[in-house]
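Letter by letter, the chains look like this.
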Amino acid sequence: MTDAPVSNTVLVTIDSLRADAIGPYDGEYETPTLSAIAERGTVFENAFAHGNWTPMSFPSILASRPVFADTGRIGVDGATTLAEQLQAAGVSTGGFNAANGFLTEHWGYDAGFDDFDAFVGGGGDGRAGEFVAAHPTWGAWLQLLTSPFRRAGNLLRGGADDQPFTDASRMLDTERAATSFVAETEEPFFLWVHYMDVHTPYVPAPRYLRDTGRRVGKTRMLVAHVRTGLGWSVGDRTLADLRTLYQGAVRQVDASLDRLLDALDEAGVADDTALVVAGDHGEEFMDHGHLAHYPKLYDELVRVPLIVDVPGLPSQRISEHVGLDAIAPTVCDLLGVDPAAEWMGESLLPTLRDGTAPSEDPVVTVTVRGSDVTQQPIPRSLDEGDLLVSARDTDWVYIRNTETGAEELYDRRADPGQQTDRSTADDEAATAAREHLGAVVDDHVALLDAVDSADESDAVGEDIETRLKALGYR
């Protein structure tokens, strides 16, 4: 290990977190912990995921490799992970994932972690916890229906209602494991924590719904869950209610993150620990006609928060575009460890230190789509649907269905919501963007075409299958 800015790094990833859902990116929302981190650190205003949902995005985060690039399947088998690279250099490693079935041992995400738990299966609530883990929407309904009684009971006992009474998102299990790791592990260490609260179904504790400032009755909250759970149409009021639930879940994660920072203080390592916070992908609220995160490549699903706080380095905001494949080499740089030779991303430490502009290379994002945009299951390999690839730079977004050849092109400055397709425009700027970004997509497709996809069964265990079904995947 070489000279490093810090001894420890904590990477916090938040599932389904849009950039515009937190205070540092949109002043409408109050997220006190994330805002405080942003005030101390560096905010990357245009950070983009390399996939539109977890299995497509995470190979770039924890292995700085494009999904499908090594085996033709999701996961990080065949790649050197961030944890493996750090572990080999003598860094203690802990990884705790709040029951996302796509981030488990089955897909190689335990590699390199001295202490790893994906919390797939029943929780600490016995049979009730097992049921809620398999049916988290019921957890939402129970929270909403019983919250008045729970709140009254807690007040009588002198307690608070800042935490869920059923750990449907496995947030509390993950938080306890992470804080224990901090308390018990000697420096240097790397800790990864993945939160699921912001993923559907949104199940925040009642107090965080109140913190959104929007008063919505319990009945309407239940209706929002029922309508979306049954696939019914969603009107403006139900959509607003879903956004309120979502923002309540964001506040819940913000509070848990505050407790994690307290654990760093109590262990006496806060001043020597860098913090990296990122969303793994975004979330759609009818921006392009759907909810959640179906296989599309528009900004609501691809633009995510990326905030890095390194003690002793300046606070700043960076407007240039960056991809999440920069996280692994950046963490290595922060800890004085060489990155793996095959990693695709470039370290952001020069940017963090003195504002040096990051690479101008476009950010490439992929997804796989079946016969219909709402088709489940999520494809687990390249041969399970049409490959969609996008390339983004400062000014343009280019999207191509590589099977049909269908193209889309959007002017990011004039049309940030990507509503006006300019792929057939013949003006000079659009033509140049289409040619430049199209060539980037060509190169990425060639990279994936060269993969010798292994013919292996991808059957998963019962616990993982149960959790994936609970999250809406089949």
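Above this text you will find the structure in question.
The rules behind the values
Sequence order as written defines the numbering, with residues in each chain counted from 1. Confidence filtering applies because this is a predicted model: local features only for residues at pLDDT of at least 70, side-chain atom pairs given and counted only at 80 or more, and all residues used for totals across whole chains, interfaces and linings. Note: side-chain values were computed over all heavy atoms of the structure, leaving out hydrogens and water. For patches, a residue must show more than 30% relative accessible area and have no salt bridge; joins then use 9 Å for like charges and 5 Å for nonpolar side chains, namely Val, Leu, Ile, Met, Phe, Trp and Tyr. Note that accessible areas follow from Shrake-Rupley with a 1.4 Å probe, and for residues the cover is restricted to the protein chains shown. For this document, the term salt bridge refers to a Lys or Arg side-chain nitrogen within 4 Å of an Asp or Glu carboxyl oxygen. Asp and Glu are treated as the negative residues and Lys and Arg as the positive ones, with His and the ends of the chain left uncounted. One atom stands in for each charge, and that atom is NZ of Lys, CZ of Arg, CG of Asp or CD of Glu. Working definition: helices are DSSP H or I runs of at least four residues, strands are E runs of at least two. Numbering for both runs from the N terminus. For helices, the fitted axis covers only the stretch in contact; all axes are lines through C-alpha atoms, and the angles between them, taken along N-to-C directions, range from 0 to 180 degrees. Relative orientations are named as follows: roughly parallel for angles under 35 degrees, roughly antiparallel for angles over 145 degrees, roughly perpendicular for angles from 65 to 115 degrees, and oblique for any other angle. The contact rule is simple, with two residues in contact once any of their heavy atoms fall within 4.5 Å. Classification used: nonpolar for Ala, Val, Leu, Ile, Met, Phe, Trp, Tyr, Cys and Pro, charged for Asp, Glu, Lys and Arg, polar for all others including Gly. Classification of ring pairs uses Phe, Tyr and Trp, with its six-membered ring standing for Trp, and accepts pairs whose centres are within 6.5 Å; under 30 degrees between planes counts as stacked, over 60 as edge-to-face, and the remaining range as tilted. Accessible area is worked out with a 1.4 Å probe on protein chains only. A residue is then buried under 20% of its type maximum, exposed over 50%, and partly exposed in between. Within this scheme, the nonpolar core is defined by two criteria: the residues are buried Ala, Val, Leu, Ile, Met, Phe, Trp, Tyr or Cys, and they are joined through side-chain atoms within 4.5 Å. At least two bridges found by DSSP between two strands is the condition for calling them paired.

## Notes on a negative patch on the surface
The grouping of E105, D114, D115, D117 and E184 at the surface amounts to a negative patch. As for its placement among the helices and strands, D115 is situated in strand β4 (residues 115-117).

## Thoughts on the packing of helix α1 (residues 32-40) against helix α9 (residues 236-266)
One can describe the packing of α1 onto α9 by two numbers: an axis separation of 7 Å at closest approach and a directional angle of 60°. Relative to α9, the element α1 is oriented oblique. Counting all contacts with α1, which are made through P32, T33, L34, I37 and R40, the residues of α9 involved are R251, D254, L257, D258 and L261. The class makeup of the residues in the contact of α1 with α9 is 5 nonpolar, 1 polar and 4 charged.

## Some details on the packing of aromatic side chains
As enumerated under the stated definition, the model contains 12 aromatic pairs in all. With a centroid separation of 6.2 Å and 65° between ring planes, the pair formed by F96 and F181 is classed as edge-to-face. Placement of the pair is F96 in strand β3 (residues 92-97) and F181 in helix α6 (residues 171-184), with a sequence separation of 85 residues. The two residues F96 and F181 agree in class, both being buried. Measuring from centroid to centroid gives 5.4 Å for Y202 and Y246, while their planes differ by 80°, and the two rings are edge-to-face. Of this pair, Y202 sits in the loop between β5 (189-195) and α7 (206-211) while Y246 sits in helix α9, placing them 44 residues apart in sequence. Y246 sits in the buried class, given a relative accessible area of 2%.

## Some words on the nonpolar core
By size, the foremost hydrophobic cluster in this structure holds 70 residues, and its most contacted members are F44, L82, L86, F190, W192 and L306. Looking at this core element by element, the count peaks at 7 residues for helix α13 (residues 428-449). Sequence-distant contacts of L86, that is, excluding residues within four places in its chain, are made with V91, T93, F190, V331, C332, L335 and V337. Core analysis: the second largest hydrophobic core is formed by 45 residues, V193, L239, V250 and L260 among them.

## Some remarks on helix α2 (residues 54-63)
For α2, the buried fraction is high: 10 of the 10 residues fall into the buried class. All of the buried residues in α2 are T54, P55, M56, S57, F58, P59, S60, I61, L62 and A63. Buried-residue contacts for α2 involve β1 (8-14), α3 (82-88), β5, α11 (327-334) and β12 (363-369).

## Topic: the environment of R73
Tracing the chain through its elements places R73 in the loop between α2 and α3. The exposure class assigned to R73 is buried, which follows from its relative accessible area of 9%. For the pair formed by R73 and M56, sequence separation is 17 residues and the distance between their alpha carbons is 9.6 Å.

## A word on the pattern of salt bridges
Per the stated rule, a full pass over the model turns up 14 salt bridges. Between D395 and R413 there is a salt bridge, with the nearest N and O atoms lying 2.5 Å from each other. Residue D395 is located in the loop between β13 (386-392) and β14 (396-401), and its partner R413 is located in the loop between β15 (407-411) and α13; the two are separated by 18 residues in the primary sequence. The exposure class of R413 is exposed, given its relative accessible area of 60%. One salt bridge in this structure joins R400 and D442, with 2.7 Å as the shortest N-O distance.

## Side note on α1
Taken together, the buried positions of α1 are occupied by T33, L34, S35, I37 and A38. Buried residues along α1 sit in contact with β2 (42-48), α9, β6 (273-279) and β10 (306-309).

## Describing the pairing of β13
A regular strand places its side chains so that they alternate between the two faces of the sheet. Of all 7 residues that make up β13, 6 are buried, and the element is covered over most of its length. Taken together, the 7 bridges between β12 and β13 define a ladder with antiparallel strand orientation. Among the inter-strand pairings, T367 is bridged to a residue of β13, identified as L388. Bridge count for β13 against β14 is 5 bridges, and the pairing is antiparallel. Of the residues in β14, the one forming a bridge with L388 is N401.

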